[in-house]
Amino acid sequence: MAKVTGKKTLHFTRKAWEKMWGLTLRAKGEISGFGLVDEHDPCKVIDFFVVTQECSGSNSTMDPDPLHELFLSKRDEGIPMERWRVWWHSHASLDTFFSGTDEATAELYASEKALWSVVTNHADAVRVAKGKSPTEMYVRADCFDPDFPKNRNSPQRYTIEGCEWTVGNVQV
């Protein structure tokens, strides 16, 4: 994995922001979901969706069948797969960081198009519910180089860590 310097910014609509934090706050443990980006701006998340999943205080695993059904139903509504560019999950009571499980999940969903990964936690959800800014939300972007030499076992993954975010037009 190559680390890339330079900051990128993920923009949240107010609806997406409130939904992500509301779900984080109401979850009894961890929770995961996918974000849909704007059709003209792959750096602007407009909504989040969750499916049936197994959750605990330290893990959330989305059921692949309902996830597949969600993607197919949205495709039938005219929403192409390349608009599913945000994977979000919470760390219930832990700090926001990328665990080994998170790294594997990012690799599972990343492609040559950037996958935004967002990690939230319950402590920040309480802050946001009180009208304050989160202190620990973690945002990064991952993508694979489609032109990686064919004689290697896996393509080169590029990661941009510590990305910034905005809500509406306000820098957070």
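**Student:** Mind showing me how you'd approach the side chain of D124 here?
**Tutor:** By the secondary structure assignment, D124 is in helix 4 (residues 122-129). By relative accessible area, which is 1% here, D124 ends up buried. Discounting residues that sit within four places of it in the chain, D124 has contacts with W21, P134, T135, E136 and M137.

**Student:** Can you walk me through the packing of aromatic side chains in this structure?
**Tutor:** Counting across every chain of the model gives ten aromatic pairs. When the centroid spacing of 5.5 Å and the interplanar angle of 80° are considered together, the rings of F34 and F71 count as edge-to-face. Of this pair, F34 sits in strand 3 (residues 32-38) while F71 sits in helix 2 (residues 64-76), and the two are 37 residues apart along the sequence. Residue classification places F34 among the buried positions, given a relative accessible area of 3%. Given a relative accessible area of 12%, F71 falls into the buried group. Relative to W84, the ring of F71 has its centre 5.1 Å away and its plane inclined at 50°; by these criteria the two rings are tilted. Placement of F71 in helix 2 and of W84 in strand 7 (residues 84-91) is noted, with a sequence separation of 13 residues between them. With respect to burial, F71 and W84 carry one shared label: buried. Sitting over the face of the ring of F49, K19 holds its NZ or CZ atom 5.0 Å from the ring centroid. In this structure, R140 is placed above the aromatic ring of F98, and the distance from its NZ or CZ to the ring centre is 3.7 Å.

Rules used in this analysis
Residues numbered from 1 in each chain as written. Predicted model: local features only at pLDDT ≥ 70, side-chain atom pairs only at ≥ 80, totals over all residues. Heavy atoms only, no water. Helix = DSSP H or I, 4+ residues; strand = E, 2+ residues; numbered from the N terminus. Buried < 20%, exposed > 50% of the residue type's maximum accessible area, 1.4 Å probe, protein only. Contact = heavy atoms within 4.5 Å. Phe/Tyr/Trp six-rings, centres within 6.5 Å; stacked < 30°, edge-to-face > 60°. Lys NZ or Arg CZ within 6 Å of the ring centre and 35° of its normal.

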